[in-house]
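Chain and residue survey
Next come the chains, spelled out residue by residue.
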Amino acid sequence: MKTGRVDFPKPVQQLIAKRAGYRCAFPGCNQLLVCPTETGGIANMGECAHIYSASKKGPRGQFNLTEKELQSQENGIFLCSKHHTLIDTNEGADYSALQLRNFKEFHEYLNSIDAGKQQYPLTWIKSATYLDSKYIEENRKFEFTKSTLLCGRNGTGKSTLAENLFSALSENSIQRWKDKDFVLRIEFSNPILGYFDYHSENGRRYYVRDGKRTLFSPVKFDVFLLQTGYISWNENNSDIIDIASWINRDVSFVETLLCNDYLKDSAFFKEVRFADEKDDDGQIRTNLYVVRKDADGESEWLFNQLSGTHQSFLILDLLIAYLSDLSSYRNVMLIFDWTHLYSMDNDHKTYLIDKLQKYSTRFQTIMTSHSLFELEWKNWGIVELKGK
C-alpha cells in the first residue's frame with residue numbers, strides 16, 4: 001500500500017552516511033554515529049534526513065522535485081537523532097532547505113580535507129541581512145549555498161543585492177551606490193569568522209565587527225562581478241583590450257588568463273593563440289584565434305567572429321578555471337548579473353549551471369535571473385525575490 005512518502009533507497013542511505021563520514025552534519029555536532037558491535041558487525045545510529053520533504057505536506061515541502069530527485073543523495077543529510085528532530089520541528093520553518101544544503105556541503109568538504117582529497121574553501125557567504133535599507137525590506141535575510149540563483153522579475157532587488165554584496169566584499173563601491181545609505185550584515189559559513197556589518201552612510205563606507213569599526217573588510221574576498229552580456233567591440237582596440245574591458249580587469253590579467261592551460265576541461269573550446277597581423281590600413285594588430293570543438297571535429301575562428309554566446313562561454317570557461325585555482329588560496333566569489341544568459345540555448349545554460357555547482361570549482365557563485373528557464377537547477381539554492 002502506497003503511503004505517499006518518498007523514502008531513500010538503501011544504497012542511497014548508505015551513500016549519504018558514507019559521504020558524511022558517519023558523523024552528524026549539523027554545525028558544531030560532528031558526533032560519530034557508527035560503532036562496532038559484540039557480534040562482529042557495526043551499529044549505525046545516524047539518520048538520513050530529507051532536505052526537501054519525503055511527503056508533500058512534510059517539513060520544507062517538496063519544491064516541485066521529481067520522485068527521483070527526492071530520493072537522491074543530494075536531497076539527504078546525515079544527522080544524529082537529536083538534530084534530525086530539531087530541523088523538522090515547526091514543520092521545518094527554522095531550518096530552510098538552503099541552510100540544510102549549506103550544512104551538508106560544508107560538512108562534506110571538511111571530510112574531504114581530512115582525507116586529503118580536497119582543498120578547503122576558506123569561507124563562503126552563509127547569509128546577508130539588510131539591517132537598514134530603503135531599497136530592500138528591512139531585516140530581510142537572504143541565505144546562500146555554494147551556488148545560488150536570485151530569481152525575480154525586474155525591480156524586485158536582484159541587482160541591488162548583487163551589487164551591495166560586491167561592494168561589501170570587495171571594498172569597491174559601485175558608482176550608483178556611493179551616495180545611498182544601507183547596512184548589510186554578512187554572515188560566513190566558517191563559524192570562526194562569524195559576521196560583519198557593512199555600512200554605506202552619507203557617501204562613506206565602513207565595517208563593524210565585534211564592536212570594532214574599520215575602513216577595510218575584516219574578511220578579504222576576491223569578487224568578480226559580471227554585468228555585461230555582450231562584449232562591446234572597438235575596431236581600434238585589440239581583442240585583448242576589449243575582453244579586459246568586458247570583465248573589468250587589466251590587459252596583463254587577460255594575457256595571463258589566455259596563456260594558461262585553462263581550457264583543458266572545456267566542452268566547447270580546445271585552445272587559443274595570438275597572431276600579430278596587418279589590418280586593412282596596414283597597421284599591426286594582435287588578433288586572437290580560437291580553436292572551437294564542433295560536432296564534426298575542430299575549427300579555428302577569429303575571436304571577434306564568434307557568436308556572442310561562444311565569446312561569452314570562452315571567457316567564462318577561462319574565468320571559472322582561474323577562479324577555481326584562486327579559491328585554493330583565497331576567498332572567491334563570482335557574481336553574475338548577466339542579461340546574456342537569457343538568449344542562450346538550453347544546452348549552454350545547462351552546461352553553465354552544472355559546471356558552477358560542481359565541487360571542483362570550489363568558489364561560490366551568485367547568479368541573477370528573472371526566470372528558471374524550465375531547467376533543472378540541481379544542487380543550486382533558489383532565492384525568490386518579490387520586491388519590497
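Structure first, text after, so check above.
Everything in this summary refers to the structure shown in the same document. (Residues numbered from 1 in each chain as written. Predicted model: local features only at pLDDT ≥ 70, side-chain atom pairs only at ≥ 80, totals over all residues. Heavy atoms only, no water.)

**Looking at the overall build of the protein chain**
Broken down by element type, the protein chain carries nine helices and 18 strands. Taken over C-alpha atoms, the radius of gyration comes to 23 Å for the protein chain, in line with the 21 Å a tight globule of 388 residues would show. With the principal axes as the frame, the protein chain shows a C-alpha extent of 85 × 60 × 40 Å. Within the protein chain, the proportion of its 388 residues that are buried is 51%. By sequence separation, contacts in the protein chain at least 24 residues apart represent 62% of the contacts at least 6 residues apart. As presented, the protein chain carries roughly 19600 Å² of accessible surface, and 47% of it is formed by carbon and sulfur atoms. (Helix = DSSP H or I, 4+ residues; strand = E, 2+ residues; numbered from the N terminus. Rg over C-alpha atoms; globule rule 2.2 N^0.38 Å. Buried < 20%, exposed > 50% of the residue type's maximum accessible area, 1.4 Å probe, protein only. Contact = heavy atoms within 4.5 Å. Areas by Shrake-Rupley, 256 points an atom, 1.4 Å probe, with all protein chains shown as cover.)

**What to know about the packing of aromatic side chains**
Here the structure, examined in full by the defined rule, presents 21 aromatic pairs. Note on Y130 and F182: the rings are 6.4 Å apart at their centroids and 55 degrees apart in plane angle, and the pair reads as tilted. Of this pair, Y130 sits in strand 5 (residues 125–133) while F182 sits in strand 8 (residues 182–188); the two residues are 52 residues apart in sequence, bridging distant segments of the chain. Arranged with centres 6.0 Å apart and planes meeting at 40 degrees, the rings of F224 and F253 form a pair that is tilted. Taken together, the residues span a long stretch of sequence, with F224 in strand 12 (residues 221–226) and F253 in helix 7 (residues 251–259) at a distance of 29 residues. F253 shares its class with F224; the two are buried. One aromatic cluster is present, built from ring pairs that chain together Y130, Y135, F142, W177, F182, F188, F196, Y198, Y207 and F221. Its end group placed over the ring of F363, K146 keeps NZ or CZ at 5.9 Å from the ring centre. (Phe/Tyr/Trp six-rings, centres within 6.5 Å; stacked < 30°, edge-to-face > 60°. Lys NZ or Arg CZ within 6 Å of the ring centre and 35° of its normal.)

**Re the pairing of strand 8**
A large share of strand 8 lies buried, amounting to five of its seven residues. Alignment of strand 5 against strand 8, held across seven bridges, turns out to be antiparallel. The residue bridging S133 from the neighbouring strand is F182, located in strand 8. Pairing of strand 8 with strand 9 (residues 195–201), which is carried by six bridges, proceeds in the antiparallel orientation. (Pairing = 2+ DSSP bridges.)

**Description of the packing of helix 6 (residues 239–247) against helix 8 (residues 308–326)**
Following both chains from N to C, one finds helix 6 and helix 8 inclined at 70 degrees, their axes separated by 12 Å at the closest point. Taken together, the axes of helix 6 and helix 8 are roughly perpendicular relative to one another. Together, I243, W246 and I247 of helix 6 and S312, I315 and L319 of helix 8 make up the contact between the two elements. (Axes fitted to C-alpha atoms, helices over the stretch in contact; angles between N-to-C directions. Parallel < 35°, antiparallel > 145°, perpendicular 65-115°, else oblique.)

**Focus on the sheet that holds strand 10 (residues 204–209)**
Adjacent strands of a sheet form backbone hydrogen bonds with each other and so pair up, either parallel or antiparallel. What the six strands build is an open sheet, ordered 6-5-8-9-10-11; its pairing is antiparallel. Among the strands making up the open sheet, the edge pair consists of strand 6 (141–143) and strand 11 (212–214). Looking at each pair of strands side by side, their axes are set apart by 20 degrees on average, direction ignored. Sitting on the sheet, helix 5 (residues 158–170) touches strand 5, strand 6, strand 8, strand 9 and strand 10, and the angle it makes with strand 8 is about 75 degrees.

**Considerations on the packing of helix 8 against helix 9 (residues 346–357)**
Contact geometry for helix 8 and helix 9: axes closest at 12 Å, N-to-C directions at 10 degrees. With respect to helix 9, the axis of helix 8 lies roughly parallel. Contact with helix 8, carried on its side by T309, H310, F313, L316, D317 and I320, involves H348, Y351, L352, K355 and L356 of helix 9 and no other residues of that element. The class makeup of the residues in the contact of helix 8 with helix 9 is six nonpolar, three polar and two charged. (Nonpolar A, V, L, I, M, F, W, Y, C, P; charged D, E, K, R; others polar.)

**Section: helix 5**
In this model, helix 5 (13 residues) spans 18 Å end to end at C-alpha, consistent with the 18 Å of a helix rising 1.5 Å per residue. Among all positions in helix 5, only K158, T160, L161, A162, E163, N164, L165, F166, S167, A168, L169 and S170 are buried. Trailing helix 5 by a residue or two, E171 shows a phi angle of about 70 degrees, which is positive. (Expected span 1.5 Å × (residues − 1).)

**A word on the pairing of strand 13 (residues 269–278)**
By the bridge criterion, nine bridges tie strand 13 to strand 14 (residues 284–294) in an arrangement that is antiparallel. What sits directly across from R273, in strand 14, is Y289.

**Let's talk about the nonpolar core**
By size, the foremost hydrophobic cluster in this structure holds 47 residues, and its most contacted members are L356 and W377. Considering each element in turn, this core owes the most residues, ten residues, to helix 8. The contact partners of L356, leaving out residues within four places of it in the chain, are K146, S147, I320, L334, F336, T361, F363, T365, M367 and W380. Within the second largest apolar cluster, 32 residues are counted, among which are W177, I186, L225 and I366. (Core = buried A, V, L, I, M, F, W, Y, C linked by side-chain atoms within 4.5 Å.)

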